[in-house]
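Letter by letter, the chains look like this.
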Amino acid sequence: SFHKSKGQHILKNPLLVDSIVQKSGIKSTDVILEIGPGTGNLTKKLLECGKMVIAVELDPRMVLELQRRFQDTPYSSRLKVIQGDVLKTELPYFDICVANIPYQISSPLTFKLLNHQPAFRCAIIMFQREFAMRLVAQPGDKLYCRLTVNTQLLARVSHLLKVGKNNFRPPPKVDSSVVRIEPRKPRIEVKQKEWDGFLRICFNRKNKTLGSIFRQKSVLSLLEKNYKTLCSLNILQEGSAGNDDSAFDYSNEDQSMEVDEDGDDEEMDMEDGDAEEGEASEFKGKVMGVLKEGDFEEKRSSKLTLQEFLYLLSLFNKAGIHFS
Ligand code: SAM
């Protein structure tokens, strides 16, 4: 019996497994990381192609089944099974990751992999179709969102394969897609908290103009507070770096896949629209000045490229305006 809560949907179509492995471009020298090997259908093909497979599996019953399947075969010495939650496991070195994962861990897993050092060559991962389409979205696409920009900051992502529900047993509720993720080398360096704070504000209302987003009282008062703190500390050039796990929490906006983003925006407007201006502060002028400088006032996050986001953040920072 399979555990729905563990996202146990076994790949039952051997042609599809072959196709995934073939598209992965595995070399005979590769150390392969597999996440959620389950009963080992994919694992077997990976063992045929690579030097070594390290498989992380949460369910002890699956671990046993997997070990039973490969014991007394020539593969057993090249398979290492780690029992545990991949999100809590310290990952070993690997060249390539190939996995049919439980969909509930999609975003934390993606960022765990992308922050793993040394960077791997590529990851070939099965995701829920909509999540996959968010990863590969381009500016202007309906699914372009904070998750997209955060992923594309760290990696180049491409869509490899559409996979229907009936390739799995039991079939999941949603369609799937296989995606290829290739970490950027060299990395684009950003201050993690700064970048995260900035993108959260930009995508809070992604279809609004940046002008109207940055005129919101709540946004201005947050930024002004940061500004004053930094001024009084007299460290205008220094933000805080370091890892911030909250950057990978998309529970608010991006992963609530059913949300109608336009409808959402309307609601926000009523609470906190442009009408309610308050005293036109000097600080507001400073913020608007930055937007004007880069010609961003009339632009919308839903259409900005990664490069434009990086540029806008750099303009804010140059003006001493910080998001963390
Ligand atoms: N790879 C197999 C296949 O394609 O047939 C099974 C894929 S199934 C979608 C996901 C697998 O991940 C299950 O075996 C499940 O027990 C395991 N799993 C679920 N949560 C996990 C976690 N947090 N860490 C590691 N494995 C997990």
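Residues numbered from 1 in each chain as written. Predicted model: local features only at pLDDT ≥ 70, side-chain atom pairs only at ≥ 80, totals over all residues. Heavy atoms only, no water.

Asks: A description of the site of the ligand should follow, citing residues and the corresponding values.
Replies: If you check the shell around the ligand, you find 20 residues, and the closest are Gln 8, Leu 11, Gly 36, Glu 57 and Asn 100. Within the contact set of the ligand, an oxygen atom lies 2.7 Å away from a side-chain nitrogen or oxygen of Gln 8. At 2.9 Å, a side-chain N or O of Asp 85 approaches a nitrogen atom of the ligand. Protein contacts shield 98% of the accessible area of the ligand, which totals 600 Å² for the unbound molecule. Of all the secondary-structure elements, those providing two or more residues to the shell around the ligand are β1 (10-11) and β3 (52-57). Of the residues assigned to the shell around the ligand, the class counts are eight nonpolar, seven polar and five charged. (Near = heavy atom within 4 Å. Polar contact = N/O pair within 3.5 Å; in protein donor to acceptor, adjacent residues only side chain to side chain. Areas by Shrake-Rupley, 256 points an atom, 1.4 Å probe, with all protein chains shown as cover. Helix = DSSP H or I, 4+ residues; strand = E, 2+ residues; numbered from the N terminus. Nonpolar A, V, L, I, M, F, W, Y, C, P; charged D, E, K, R; others polar.)

Asks: Which residues make up unusual backbone geometry, and what are the values?
Replies: Here the residue pair Gln 117 and Pro 118 is connected by a cis peptide bond, since its omega of -5° sits within 30 degrees of zero. Within the fold, Pro 118 resides in the loop between α4 (106-114) and β6 (122-128). Here the residue pair Lys 185 and Pro 186 is connected by a cis peptide bond, since its omega of 0° sits within 30 degrees of zero. Looking at the secondary structure, you find Pro 186 in the loop between β9 (176-183) and α7 (192-204). Although it is not a glycine, Asp 295 sits at a positive phi angle of roughly 60°. Of note, Asp 295 is situated in the loop between α11 (282-293) and α12 (306-318). Overall, the relative accessible area of 55% leaves Asp 295 in the exposed class. (Buried < 20%, exposed > 50% of the residue type's maximum accessible area, 1.4 Å probe, protein only.)

Asks: Go over the sheet that holds β6, please, and point to the residues and values.
Replies: Pairing within the open sheet is mixed, and its seven strands lie in the order β4-β3-β2-β5-β6-β9-β7. The strands lining the two open edges of the sheet, one partner per strand, are β4 (79-83) and β7 (155-163). Pairwise comparison of adjacent strand axes, ignoring direction, gives a mean angle of 20° for this sheet. Direction of pairing for strand β2 (residues 31-35) relative to β3: parallel, over a ladder of five bridges. Its bridge partner lying in β3, Ile 32 is registered against Val 53. Along the sheet, helix α5 (residues 129-136) contacts β6, β7 and β9; its crossing angle with β6, the most-contacted strand, is approximately 135°. Packing against the sheet, helix α6 (residues 146-154) makes contact with β7 and β9, and its axis sits at approximately 115° to β7. (Pairing = 2+ DSSP bridges. Axes fitted to C-alpha atoms, helices over the stretch in contact; angles between N-to-C directions. Contact = heavy atoms within 4.5 Å.)

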